[in-house]
Amino acid sequence: VILRSNDCGTDWVAHSYSSDGEELFYINGNVVNKVAFCEALQLYIANGCDLKDYFGSNNCVMDGSFVNLPSMAGRKLLQKDSSSKSESQGVSKDVSPKVGLFAGGALLVCCAVLCPCIYGKKRKATAHAVLTKDPNSILDSASSFEANSVPEKVQVPASPLRVPPSPSRFSASPKLKRIESLHLNLNQIARATRNFSETLQIGEGGFGTVYKAQLEDGHVVAVKRAKREHFESLRTEFSSEVELLAKIDHRNLVKLLGYIEKGHERLLITEYVPNGTLREHLDGQRGKILDFNQRLEIAIDVAHGLTYLHLYAEKPIIHRDVKSSNILLTESMRAKVADFGFARIGPMNSDQTHISTKVKGTVGYLDPEYMKTYQLTTKSDVYSFGILLLEILTGRRPVELKKTVEERVTLRWAFRKFNEGRVVELVDPLMEEAVNSDVLMKMFDLAFQCAAPVRTDRPDMKAVGEQLWSIRADYFKNSRSN
Ligand SMILES: Nc1ncnc2c1ncn2[C@@H]1O[C@H](COP(=O)(O)OP(=O)(O)OP(=O)(O)O)[C@@H](O)[C@H]1O
């Protein structure tokens, strides 16, 4: 089996058997051990390379769980310029510059499923209402989900513990593009959007209006034009991190291409993703209803995008607004995580467990521990991912306002049914396919692990991706045997 990586340049990996049946693993023609081979594969995948079919075939699974590898090496190594390849871990030095950079952990975390507690606050308001919030009143707020409409974004005052961003550990990254590389100016964008013509509007969010624009070189991009009330938060919260976000390049993350700040205009230019949001697909607004396999693939894509942000970006990045309307789909139904408006750099030192910051995000997806303590970690994204996974499986929104009180909060409703063994009843009724109940149990179990009320009970995003891969393998095994 020779596997070429299209997305990761010319490196290739291969797997075969010797004449006496022993497994052999190669990276660029060099024999390596299985651990090094699997590390390389995992990091290929974490970097957005397309080796899924191979990886899904369980070649990197030993005794039912992924090989246990040293964790956290990947990000450190990704910062190095390609000349410093000798620091690769587990892969022999002369293997490949790129594969040499790949190393990472794969820890299958099996957390107990804890009864999820729901915290939230809802008010009739526009999507971006700013709330002033007493951190002690979070528990009370659960009941105020009643009688309201769309999820709203939340901001609360900063905690006095707020820590200023630490200086970059890896300031020089010569390989990475700088944001200026797009060289766009306001006039070009005005032309490309035909002066922000209504006919080119593709969406409206709390942040502003989104346009589809064709640049002079033919590239189609999305342009987000900020509303004036967000100028201040753009300046303080976002522009300092724009450069960092612009360096991120992963197939499951919407690429930020540029940011223009001039006069009364604040524009974000991003990759254009043509096939609508995950929420629109779940609502049946985009034609064919997603089948189970597509839902599983979307969950895996999102897990990969978030793993990249948490572990492999130049600095750990916390998205803070993971939700179905921020997942965009391509024509081939690949998912990309969008909307980095709230993204923050996470803890930089190993002795720092969290950063303290304002609570931001969308009600229904917000980590209750972060809401209570203002302590933000990558596990807040894991919580939101858990809620998203429930949405993907059930088709429901995190809060279903038209349902009875007992059924209103999807996490509570699903957890109760799950514990009663009624998992099949949880599945999106629009999806007609009958999915094996063991596979469903594992998916829901994973969603509840992610949405555990305490962050230490949640797996990290990398482990979530691995569990999804293993569920995918089970799903295919079951589909084949039926
Ligand atoms: N890069 C993109 N490519 C294609 N369509 C996009 C892109 N970004 C946004 N859109 C479209 O524009 C809509 C509004 O996006 P935006 O991110 O501003 O708001 P939102 O995420 O829906 O809401 P909010 O930001 O208030 O949470 C999206 O729902 C989507 O349909």
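Residues numbered from 1 in each chain as written. Predicted model: local features only at pLDDT ≥ 70, side-chain atom pairs only at ≥ 80, totals over all residues. Heavy atoms only, no water.

## A few points about unusual backbone geometry
In this structure, phenylalanine 196 takes a positive phi of about 55° despite not being glycine. As for its placement among the helices and strands, phenylalanine 196 is situated in the loop between α6 (186-192) and β8 (201-204). The exposure class of phenylalanine 196 is buried, given its relative accessible area of 10%. (Helix = DSSP H or I, 4+ residues; strand = E, 2+ residues; numbered from the N terminus. Buried < 20%, exposed > 50% of the residue type's maximum accessible area, 1.4 Å probe, protein only.)

## Points about the packing of aromatic side chains
Counted by the stated rule, this structure contains six aromatic pairs. With centroids separated by 5.0 Å and ring planes inclined at 65°, the aromatic side chains of phenylalanine 418 and phenylalanine 448 adopt a geometry described as edge-to-face. With phenylalanine 418 in helix α13 (residues 410-419) and phenylalanine 448 in helix α14 (residues 437-450), this pair connects stretches of sequence that are 30 residues apart. Given the relative accessible area of 12%, phenylalanine 418 is considered buried. With a relative accessible area of 0%, phenylalanine 448 lands in the buried category. In textbook terms, an aromatic cluster arises when at least three aromatic residues are bridged by ring pairs, as seen for Phe415, Phe418, Phe444 and Phe448. Taking the ring centre of phenylalanine 196 as reference, the NZ or CZ of arginine 225 above it sits at 3.9 Å. One residue, arginine 396, lies across the ring of tryptophan 413, its end atom 3.4 Å from the ring centre. (Phe/Tyr/Trp six-rings, centres within 6.5 Å; stacked < 30°, edge-to-face > 60°. Lys NZ or Arg CZ within 6 Å of the ring centre and 35° of its normal.)

## Quick notes on helix α9 (residues 292-312)
In a regular helix each residue adds 1.5 Å, so 21 residues correspond to 30 Å; α9 covers 29 Å between its end C-alpha atoms and thus fits that length. Of all 21 residues in α9, 19 are buried; the element is thus mostly enclosed. A distance of 3.2 Å separates the backbone nitrogen of asparagine 293 from a side-chain oxygen at the start of α9, and that oxygen is part of aspartate 291. (Expected span 1.5 Å × (residues − 1). Polar contact = N/O pair within 3.5 Å; in protein donor to acceptor, adjacent residues only side chain to side chain.)

## As for the pairing of strand β10 (residues 220-226)
Along a regular strand, successive side chains alternate from one face of the sheet to the other. With five of seven residues buried, β10 lies mostly within the body of the structure. For strand β9 (residues 208-214) and β10, the ladder comprises seven bridges, and the chain directions are antiparallel. The partner of lysine 212 across the bridge, within β10, is alanine 222. Hairpin connection from β9 to β10: five residues lie between these consecutive antiparallel strands, with glycine 218 at a positive phi of about 95°. Alignment of β10 against strand β12 (residues 265-271), held across five bridges, turns out to be antiparallel. Among the inter-strand pairings, arginine 225 is bridged to a residue of β12, identified as leucine 267. (Pairing = 2+ DSSP bridges.)

## Quick word on the packing of α9 against helix α11 (residues 378-394)
When two helices pack together, their arrangement is given by the angle between their axes and by how far apart the axes lie. Two elements in contact, α9 and α11, have axes whose closest approach is 11 Å; the angle formed by their N-to-C orientations is 170°. As judged from the angle between their axes, α9 and α11 are roughly antiparallel. The segment α9 lies against α11, with Phe292, Arg295, Ile298, Ala299, Val302, Ala303, Leu306 and His310 engaging Thr378, Asp381, Phe385, Leu388, Leu389, Ile392 and Leu393. (Axes fitted to C-alpha atoms, helices over the stretch in contact; angles between N-to-C directions. Parallel < 35°, antiparallel > 145°, perpendicular 65-115°, else oblique. Contact = heavy atoms within 4.5 Å.)

## Looking at the sheet that holds β10
Strand-to-strand pairing in sheets goes through backbone hydrogen bonds, with the strands running parallel or antiparallel. The strand order across the open sheet built from five strands is β8-β9-β10-β12-β11, with neighbouring strands paired in antiparallel fashion. Either end of the sheet is taken by a strand with one partner, and the two such strands are β8 and β11 (256-262). On average, each strand axis in the sheet is tilted by 20° relative to the strand beside it, whichever way the strands run.

## Topic: the pairing of β9
Most of β9 is tucked away: five of the seven residues are buried. Bridge analysis of β8 against β9 gives three bridges, and the strand direction is antiparallel. By the bridge assignment for β9, glycine 203 is matched with valine 210. The hairpin formed by β8 and β9 contains three residues between the paired strands.

## A short note on the environment of alanine 343
As for its position among the elements, alanine 343 is in the loop between β15 (335-337) and β16 (344-345). According to the relative accessible area criterion, alanine 343 is buried, its value standing at 2%. Sequence separation of alanine 343 and histidine 319 is 24 residues, and the distance between their C-alpha atoms is 4.3 Å.

## A few points about the confidence of the model for the chain
Predicted confidence across the chain gives a mean pLDDT of 71, with 60% of residues reaching 70 or more. Every residue in residues 1-7 is under pLDDT 50, and counting partners more than four places away or in other chains gives 21 contacts. Of the regions scoring below 50 in pLDDT, residues 52-58 engages in 24 contacts with residues more than four places distant in sequence or in other chains. Here the predicted complex scores 0.66 on pTM and 0.97 on ipTM. (pLDDT = per-residue confidence, 0-100.)

## Points about the nonpolar core
Counting 71 residues, the largest nonpolar core has Phe292, Ile298, Val302, Phe385 and Leu468 as the members making the most contacts within it. Among all residues touching isoleucine 298, those that are not within four sequence positions of it are Leu278, Leu290, Ile327, Leu329, Met333, Ala335 and Ile392. (Core = buried A, V, L, I, M, F, W, Y, C linked by side-chain atoms within 4.5 Å.)

## Section: the environment of histidine 281
Following the sequence through the fold, histidine 281 ends up in helix α8 (residues 278-282). A sequence separation of 114 residues divides histidine 281 from glycine 395, and the C-alpha atoms of the two residues are 9.3 Å apart. Beyond its immediate sequence surroundings of up to four residues, histidine 281 is in contact with Asn275, Arg286, Ile289, Leu290, Leu329 and Met333. Here the side chain of histidine 281 touches asparagine 275 through a polar contact of 2.7 Å, landing on its backbone oxygen.

## Topic: α13
Along α13, seven of the ten residues are buried, which leaves the element largely enclosed by surrounding structure. Those residues of α13 that sit buried are Thr410, Leu411, Trp413, Ala414, Phe415, Lys417 and Phe418. A positive backbone phi angle near 75° is found at glycine 421, which sits one or two residues after α13.

## Digging into the environment of lysine 247
The topology assignment puts lysine 247 in the loop between α7 (231-246) and β11. The spatial distance from the C-alpha of lysine 247 to the C-alpha of alanine 313 is 8.4 Å, given a sequence separation of 66 residues. One polar contact links lysine 247 to glutamate 314, side chain to side chain, over a distance of 3.1 Å.

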